[in-house]
Amino acid sequence: MNKMQKALHELSEMDELAARSTPLHALHPAAKLITTIAYILVTLSFNKYDLSGLVPMVLWPVLLFQISDTDVRSCFYKLRIVLPLVMAVGLFNPFFDREIILRVGSVGVSGGVVSMITLMLKGLFCLMASFLLMATTKIDNLCAALRSMHFPSMLTSLLLLTYRYVGVMTEELAVMTEAYHLRAPGQKGIHISAWGSFLGQLLLRSMDRAQELYSSMRLRGYHQHFHFAANRPFNGRDALYAACCILFFLLLRFISISQLLGGLFVR
Amino acid sequence: MIEFQNVSFAYEKDRYVIRDLSFRIEKGESVGLIGANGAGKSTVMKLILGLLQGEGKILVDGTEVRKETLGVIRRKLGFVLQNSDNQMFMPTVYEDMIFAPLNYMMSHEEADRRVDEVLARLHLEDLKYRYNHKISGGEKRMAAIATILAMEPDAILMDEPTSALDPYNRRIVINTIRELSQTKLITSHDLDMILDTCGRVILLSGGRIAADGPAEKILKDRALLEANRMELPLSLMGRM
């Protein structure tokens, strides 16, 4: 299996993860979407030096990993490409912000280090929340939820088609990479001299296939508007879940659990 | 049901792949469209479906294929693509099957019922919630036919329905095609399959009709077939 086939496999794994049956999967997609957005907003709202306040925000994704029976390792594995980028966001803070704002024993910790860790954790938590949303909600159901929240049909169709197009392009890339390596044994990657024609071919081939897929959709009555399989109605349980989660986020935001716990041990 | 009146089509200026083509397919007829590569078989299909626009007149159930009538025309036609991967674009077989009925404003309950009926008819109940990328080539081809049957079209157009299938799956597809009551237009190089499923054959050559008549008669004509870069069906070779 080459890298592209693995990528394709991972993409299909996400669909399979989302199709499982757990209490979290059973919730209405809109409830999950609203709570994820609320979680991300609350997480991002923490002050850059408020590390102790931010850390307890990890409780929600940890809880969801348990409820949805999702492997944490698979989350980090699937996010392995984007995680370093998120981690790199605050990398230069220690160089610009050198003021010591706290001491751990006799070691002074600068504001730059604290804000760097805070930024990294914010990115990590937001990615985990997004991953959990995708791992517990099918893309079609998510788009249906967006439509029910009066998102423009054009945007939801675009989202769904882009998601599908990524699969088509990856499939073509997998075939082309395999064909290349069969005729270039022992070569690591694709030689730079072949990149131009390789990318051009990839674009043309994936566009051809996308065109064929689109024709197939049009022939089955598609007119720029997806009729998603019906989500069940948003019920009291979904509302309760969303309300409890948002209340929990607000509690974590305005009451520092770390300080409360610390207060039990330090006078 | 389907009528071509002096239809011509060129992908590039003055390089016609379909030339002055005229034929008529009656309701309920099963017609095989055969010919060598580049003879214009797929172009004929695309012209009927309105994916290409040529010169002349094409009628489907009395309605001319024009931009304004495409909605009505396509509601009546089901097209099974050669590459099932290009047809099955949703994650599961069920989602693919329900796609067309929902687009045609059918209620979810009715669409669900129709999906179940078609799956039961083709004995594909086990495939309903299977992932498209995880089913075999034969299953995928059958599922592709099922997605089209869920539309309840008046006519079914099939592009190489038995290509890349092993003998067992090929036989299943052939038996399924034989049981379909709709008008059928099938393009294929698999002449044995055409012989099994079609009562009439249209042989295309260079965008023109080289022969049109009963399948048995045309597919037994070795000279005609060889003149058009084809061979006798394997099942007839021993008899000649």
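Treat the numbers as computed from the prediction; the structure is a model and nothing was measured. (Residues numbered from 1 in each chain as written. Chains lettered and ligands numbered in written order. Predicted model: local features only at pLDDT ≥ 70, side-chain atom pairs only at ≥ 80, totals over all residues. Heavy atoms only, no water.)

Considering the overall build of chain A
Okay, so step 1: From N to C terminus, chain A includes 14 helices and 2 strands.
Okay, so step 2: With respect to the three principal axes, the spread of C-alpha positions in chain A is 70 × 55 × 30 Å.
Okay, so step 3: The buried share of chain A, reckoned over its 267 residues, is 42%.
Okay, so step 4: Of all intrachain contacts in chain A linking residues separated by at least 6 positions in sequence, the fraction that spans at least 24 positions is 77%. (Helix = DSSP H or I, 4+ residues; strand = E, 2+ residues; numbered from the N terminus. Buried < 20%, exposed > 50% of the residue type's maximum accessible area, 1.4 Å probe, protein only. Contact = heavy atoms within 4.5 Å.)

What to know about the overall build of chain B
Okay, so step 1: Along its length, chain B carries 11 helices and 10 strands.
Okay, so step 2: The C-alpha atoms of chain B give 18 Å as radius of gyration, which agrees with the globular expectation for 240 residues (18 Å, within 12%).
Okay, so step 3: Taken along the three principal axes of its C-alpha coordinates, chain B extends 50 × 45 × 30 Å.
Okay, so step 4: Burial analysis of chain B (240 residues in total) assigns 58% to the buried set.
Okay, so step 5: Put simply, chain B shows about 10,500 Å² of open surface, and 47% of that area lies on carbon and sulfur atoms.
Okay, so step 6: Treating the 32 positive side-chain charges of chain B as one cloud and the 35 negative ones as another, the clouds have centres 3 Å apart. (Rg over C-alpha atoms; globule rule 2.2 N^0.38 Å. Areas by Shrake-Rupley, 256 points an atom, 1.4 Å probe, with all protein chains shown as cover. Lys, Arg positive; Asp, Glu negative; His and termini not counted. Charge placed at Lys NZ, Arg CZ, Asp CG, Glu CD.)

Here we look at the interface of chain B and chain A
Okay, so step 1: Every contact between the two is made by 27 residues of chain B and, on the other side, 24 residues of chain A.
Okay, so step 2: Between chain B and chain A the total buried area reaches about 2,500 Å² when both faces are included, carbon and sulfur atoms providing 59% of it.
Okay, so step 3: Joining chain B to chain A, the criterion identifies 3 salt bridges.
Okay, so step 4: For K134 of chain B, the salt bridge identified is with E16 of chain A, shortest N-O distance 3.1 Å.
Okay, so step 5: Elements supplying a minimum of two residues to the side of chain B that touches chain A: strand 6 (77–80), helix 3 (84–87), helix 4 (93–103) and helix 6 (137–149) of chain B.
Okay, so step 6: Sorting elements by how many residues they give to the side of chain B that touches chain A places helix 4 of chain B first, with 6 residues.
Okay, so step 7: When its residues are assigned to classes, the side of chain B that touches chain A shows 16 nonpolar, 6 polar and 5 charged. (Buried area = accessible area lost by both parts, 1.4 Å probe. Salt bridge = Lys/Arg side-chain N within 4 Å of Asp/Glu carboxyl O. Nonpolar A, V, L, I, M, F, W, Y, C, P; charged D, E, K, R; others polar.)

As for the nonpolar core
Okay, so step 1: Counting 51 residues, the largest nonpolar core has I34, M97, M158, I194 and L219 of chain B as the members making the most contacts within it.
Okay, so step 2: Among the elements that make up this core, the one with the highest residue count is helix 6 of chain B (7 residues).
Okay, so step 3: Among the nonpolar cores identified, the runner-up in size contains 43 residues, and W60, L64, A129 and L160 of chain A belong to it. (Core = buried A, V, L, I, M, F, W, Y, C linked by side-chain atoms within 4.5 Å.)

Some points on empty space enclosed by the protein
Okay, so step 1: The full count for this structure, using the stated rule, is 2 cavities of 30 Å³ or more.
Okay, so step 2: Roughly 50 Å³ of volume is contained in the largest cavity.
Okay, so step 3: Sorting the residues of the lining of the largest cavity by element identifies helix 3 (29–44), helix 5 (59–67) and helix 9 (111–136) of chain A as the ones contributing at least two each.
Okay, so step 4: Here the element with the most residues in the lining of the largest cavity is helix 9 of chain A; it accounts for 4 residues.
Okay, so step 5: For the lining of the largest cavity, the per-class residue count stands at 7 nonpolar, 3 polar and 1 charged.
Okay, so step 6: There is about 40 Å³ of room inside the second largest cavity.
Okay, so step 7: Lining the second largest cavity we find S216, L219 and R220 of chain A together with F79, L81, I148 and M151 of chain B.
Okay, so step 8: For the lining of the second largest cavity, a count of residues per class yields 5 nonpolar, 1 polar and 1 charged. (1 Å grid on protein atoms, 1.4 Å probe; cavity = no way out; pocket = protein on both sides within 12 Å on 5 of 7 lines; lining within 4 Å. Points joined across faces, edges and corners; volume = space filled by probe spheres on them.)

A word on the sheet that holds strand 7 (residues 155–159) of chain B
Residue and element names in this part refer to chain B.
Okay, so step 1: The strand order across the open sheet built from 6 strands is 6-7-8-3-9-10, with neighbouring strands paired in mixed fashion. The open sheet has two edge strands with one neighbour each: strand 6 and strand 10 (208–214). Across the sheet, the mean angle separating the axes of adjacent strands is 15° when strand polarity is ignored.
Okay, so step 2: Direction of pairing for strand 9 (residues 200–205) relative to strand 10: antiparallel, over a ladder of 6 bridges. Within strand 10, the position partnered with L204 by the bridge is I209.
Okay, so step 3: Along the sheet, helix 1 (residues 41–49) makes contact with strand 3 (30–35), strand 6, strand 7, strand 8 (183–187) and strand 9, crossing strand 7 at roughly 145°.
Okay, so step 4: Where helix 6 meets the sheet, it contacts strand 6 and strand 7, and its direction lies at approximately 170° from that of strand 6. (Pairing = 2+ DSSP bridges. Axes fitted to C-alpha atoms, helices over the stretch in contact; angles between N-to-C directions.)

Overview of the packing of helix 10 (residues 139–148) of chain A against helix 11 (residues 153–183) of chain A
All names here are of chain A.
Okay, so step 1: The contact between helix 10 and helix 11 brings their axes to 9 Å, and the two run at 170°. Between helix 10 and helix 11, the crossing angle belongs to the class labelled roughly antiparallel. Contacts from I139, D140, C143, L146 and R147 in helix 10 reach S153, T156, L159, L160, Y163 and R164 in helix 11.
Okay, so step 2: For the contact of helix 10 with helix 11, the residue count by class is 6 nonpolar, 2 polar and 3 charged. (Parallel < 35°, antiparallel > 145°, perpendicular 65-115°, else oblique.)

Thoughts on helix 5 (residues 108–121) of chain B
All names here are of chain B.
Okay, so step 1: A rise of 1.5 Å per residue sets the reference length of helix 5, with its 14 residues, at 20 Å; its end C-alpha atoms lie 20 Å apart and thus fit the reference within 8%.
Okay, so step 2: On the buried face of helix 5, the contacting elements are helix 2 (70–76), helix 4 and helix 6.
Okay, so step 3: Just past helix 5, the residue H123 takes up positive phi, approximately 55°. (Expected span 1.5 Å × (residues − 1).)

Here's the deal with the sheet that holds strand 1 (residues 2–12) of chain B
Neighbouring strands of a sheet are bound in pairs by backbone hydrogen bonds; such pairs are parallel or else antiparallel.
Residues and elements named next belong to chain B.
Okay, so step 1: Read from one edge to the other, the open sheet built from 4 strands follows the order 2-1-4-5, with strand pairing classed as antiparallel. The strands lining the two open edges of the sheet, one partner per strand, are strand 2 (15–25) and strand 5 (63–64).
Okay, so step 2: Direction of pairing for strand 1 relative to strand 4 (residues 55–60): antiparallel, over a ladder of 5 bridges. Directly across from I2, in strand 4, lies its bridge partner V60.
Okay, so step 3: Helix-sheet contacts for helix 1 involve strand 1, strand 2 and strand 4, and the interaxial angle to strand 1 is about 115°.

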